[in-house]
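# An overview of the molecular structure
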Amino acid sequence: MFRRSRRPRAFAFLAIATASIGHAFAISVTDLRCDDQLSPLGAAPEPVLTWRVTTEERNQRQSAWQVLVASDKTKLEEGIADLWDSGKTTATREPGVRYAGKPLSVGNRCHWKVRCWDASGKVSSWSDPADFEVAPHSPAGWHGARWIDDGGENPVRDEDFYQDDPAPLLRHEFNLAKPVVRARLCIAGLGYAYPSINGERIAGHLLDPPWTNFDKRVLFRTHDVTKQLAPGANCLGLTLGNGWFNPLPLRMWGARNIRDALPTGRPRAIALLVAEHPDGTRTIVTTGDGWMTTPGPTLRNSIYLGEVRDARKTLPGWDAAGFKAEGWHPARVTDAPLETLEPLAMPPVRPLGPVRAATVTSPAPGVHIVDFGENLTGVPEVTLDVPAGTRIALRYGEVLHPDGALNPLTSVCGQIKGLRKDKEGNQTPVGGPGAPEVAWQQDVYIARGGGMETYRPDFTYHSFRYMEIAGLPEAPVPADFVAFRLHSDLPDAGSFECSNQRLNRIQEMCRRTFLANVVTVQSDCPHRERFGYGGDIVATSEAFLMNFGMSGFYAKTVRDWADAARPDGNFTDTAPFVGIQYCGVGWAMVHPHLLEQLHTHYGNRRLIEEQLPAAIRWLDLEASKRKDGRVVSGLGDHEALTKSRGPSLTTAMFIDAARRVSRLASVVGRNEDAVRFARMADESVSAWGKAFLDPATGNVGAGTQSELTFALGFGAAPADARASVFSRLVDNLTSTDDGPRLSTGIFGTRILMEELSRNGRSDLAYELADRHAFPSWGHMLENGATTLWETWKESDNTYSHNHPMFGSISAWFFRWLGGIQAADDAVGFDRITIRPQVVDGLDWVKTSHRTIRGPVVSNWERDGDSLRFHIIVPPDARARIELPAGAGDAVTEIGNPENAAIGTSSFEVGSGSYHFEVGPPRG
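Residues numbered from 1 in each chain as written. Predicted model: local features only at pLDDT ≥ 70, side-chain atom pairs only at ≥ 80, totals over all residues. Heavy atoms only, no water.

### Quick word on the packing of aromatic side chains
Two aromatic rings, taken as a pair, are described by how far apart their centres are and by the angle between their planes. To keep it simple, the criterion reads: Each Phe, Tyr or Trp ring, with Trp reduced to its six-membered ring, pairs with another whose centre is within 6.5 Å; inter-plane angles below 30 degrees give stacked pairs, above 60 give edge-to-face pairs, and intermediate values give tilted ones. Elements are defined by DSSP. Helices are runs of H or I of four residues or more, strands are runs of E of two residues or more, and each kind is numbered from the N terminus. Note on exposure labels: buried denotes an accessible area under 20% of the residue type's maximum, exposed denotes more than 50%, and partly exposed covers the range between, all computed with a 1.4 Å probe on protein chains only.
With the rule as written, the count across this model stands at 28 aromatic pairs. Ring plane angle 55 degrees and centroid distance 6.5 Å describe the contact between Trp 688 and Phe 692, whose orientation is recorded as tilted. Pair noted here: Trp 688 and Phe 692 are both in helix 9 (residues 671-692), with a separation of four residues, about one helical turn. Phe 692 matches Trp 688 in its accessibility class, with the two residues each being buried. Between Phe 714 and Phe 747, the ring centres sit 6.3 Å apart and the planes meet at 65 degrees, which makes this aromatic pair edge-to-face. Here Phe 747 lies in helix 12 (residues 746-758) and Phe 714 lies in the loop between helix 10 (705-713) and helix 11 (722-733), a separation of 33 residues in the sequence. Across the pair, exposure class does not vary: Phe 714 and Phe 747 are buried alike.

In structure tokens:
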């Protein structure tokens, strides 16, 4: 009865009754957020306030809401809104509201609450209160703070960058004459900046600040340091690392020095400490004159190559009051501007774990290999007891050689491997003057001695499963080692599980890869390049969005692309910009692509208003370079197994981008632009069709899977040709003897799975997902992968083993096997399509996704000859449900006798929890 469908079904639509079952519960308000953060200390002066409603009644939504904002919690409890009372406001489709009360100043602590009216006009109780604090949003808000550094100068010769250049320590003592009731520390760095107070490092955040185009935007974080301060003498300390502001002049791929594209300089920091006292007065401490600095124990630090730390040079108590700073010298005050400083509204990088070592082996005398059991991004923590001066070398890699020795070559920075002859015939490193012959990941620790000591790198991170350790006087045991994952601490937003363990392992592999590649930017790989490539994001962003809360992270990504744009408005291949500019429209389109997804998933209209001019400027430039309506340059389906370049692909991507910008313009009322870009897309559709489409056969160009999928997924194929193009795609896919076999790259693979299911062939998509022979995700698993490979074929020398590009399969799990999809016209997931795909080989699927309005659940299981579905739709949302019913099947709602027979397999429901059964009529 549940055989594979060979063509899409036609569905009738019927809104089923959604009367409340049992006791009616009042609507309530919860999860109050400011700029998608819980009680942020660094809010903008006009933040967006959001919340969600909960209820056990069906078909509920908020018809109106009221927000109260007060300067004091007691006032708020009494209903006194001295900052803003929105009044009863009719709800719209956009979640939340922008603050529109009295102007807010730096340090204002705002308390707020919300109540809502439900669909019938019944008002809720007030929510629990929430709060936010306003961060500095102009140079004046920094109270005269200045950027400071160690006073040193960067080398003139490239080779000298590889010499010792210790990470500086900076300190400043100050006195507090009164007790402290509240204290906030705002801190930013160019390079990494870690604050400490009175000998205690602040919070568990690492690799701050996030990587941005530092000449356009520097993100600062605000810390609550109330408990770290006390009346009397105090000390504020800063430890600075190079980060992305002072990278080595490595010639990546033998040619590209990213210092030529990035703003660079000596690591520096700026800080503002405000301590409030019981009598209402404040003590303000800032970076500037009076600070002292000295070299720290970290002798070298590089994002790519790692760090060298001499623990014998540690200065105990250097950041505590009363320390005798003998030999220290005044820090240098720099003239760097403050206009680029902005409060940070994305999750911090945290050390998460620990991941304990699984085994330790010794492939050679004095060399030990620690296996952590999975490929991860992070740092090790090594515990040892060795004599002072013992030099311990730690190298990292994803794979081993056949003899069990470390193979670091898949994670070598920029393929810097070996020597080459210069013009004079001398052998020089591929990486440039002074560079190592092989630019592998390595840390060196020189022991302090005198007992047990622990080392964890500070200013770098690595991607590895295996760690080689050399220099120990005795063989170690697994208990001596743990690793901590490092990544932006993204909220968990989705879960997928099914009866097929291979698919579950693929989902785990995808999530592990995703998290390994979000160290403040969504990277292509977390070791060899670490760049935010636009094409990689376009291919996988829906998968990221279904798995994690990406609101703040992707808003930052959009701004990264606008900041990286060239003077003519052209978007770059990577952001922040590192000098790479050849990939073309498929990489540049990430900007409008994410803008639309952030509106669909989170209702972020404000970002569209801010960023649409940049998208329009880029698209107009791209359009001007077309030839006869076609885009003739740029990469196509990256990493496809067949030739995947050419105008048939790049023009299709341009068509998709033009339509997205048209839709974005409509959202914010720029109707003339919307019409103009829709016409622009139509022009290129016509040009594409004339050049590449055979309407008689449905063939596109050379007939590769990439060309056929791009025609469908990017909307190049006109409506009357889509069926024949899809038929051609299926023929290509099934032309082998070992089942359906894909040959697509990063874009085509995402589209292939989508279009198969969209056109009623989820059976073929499932066979691809479940395949274990090359090429497939299962083939990666069969060959020991714990994270996704960069290519379908395994590499032991060149290609990464930790690359998200083929992770779009995870989105297919959510969107089709589970069936949870934001509707095409959704605003903040308020309109949902739920169409689970029941395929041979699966007995059950459990899928959930936490939207901004609440959780969506779509579970199904086989029960004899019937199928059972459990579906949850959150308040403020409606869902169209499409269930896979065959001829003669009955669709019934379990547990609702008044409306048990639905009578159709496609219908619309409001919010609520539903149980359906599809199968032979009962009785």
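### A closer look at helix 13 (residues 762-770)
Selection rule: Contact criterion: two residues are considered in contact whenever any of their non-hydrogen atoms come within 4.5 Å of each other.
In terms of residue burial, helix 13 counts as a mostly covered element, since seven of its nine residues are buried. Where helix 13 is concerned, the buried positions are Ser 762, Asp 763, Leu 764, Ala 765, Tyr 766, Leu 768 and Ala 769. Summarising the contacts, the buried residues of helix 13 are in contact with helix 2 (501-516), helix 11, helix 12, helix 14 (777-782) and helix 15 (808-818).

### Things to note about the environment of Gly 634
When you line up the elements, Gly 634 lands in the loop between helix 7 (605-624) and helix 8 (647-667). For Gly 634, a relative accessible area of 23% puts it in the partly exposed group. Taking the C-alpha atoms as reference points, Gly 634 and Gln 581, 53 residues apart in sequence, are found 9.5 Å from one another. Those residues in contact with Gly 634 that lie beyond four places of it in its chain are Tyr 582, Cys 583, Gly 584 and Thr 650.

### What about unusual backbone geometry?
Of note, the amide linkage connecting Gly 353 to Pro 354 takes the cis form, showing an omega dihedral of 5 degrees. Its location among the elements puts Pro 354 in strand 27 (residues 349-356). Omega for the bond connecting Phe 774 with Pro 775 falls within 30 degrees of zero, at -5 degrees, which places this linkage in the cis form. Looking at where Pro 775 falls in the secondary structure, it is placed in the loop between helix 13 and helix 14. We note that Asn 59 has phi near 60 degrees; this positive angle belongs to a residue other than glycine. Checked against the element boundaries, Asn 59 lands in the loop between strand 3 (48-54) and strand 4 (64-70). Relative accessible area serves as the criterion here: at 31%, Asn 59 is assigned to the partly exposed category. With a phi angle near 55 degrees, Gln 415 is a residue other than glycine that sits in the positive phi range. On the secondary structure map, Gln 415 appears in the loop between strand 32 (406-407) and strand 33 (419-421).

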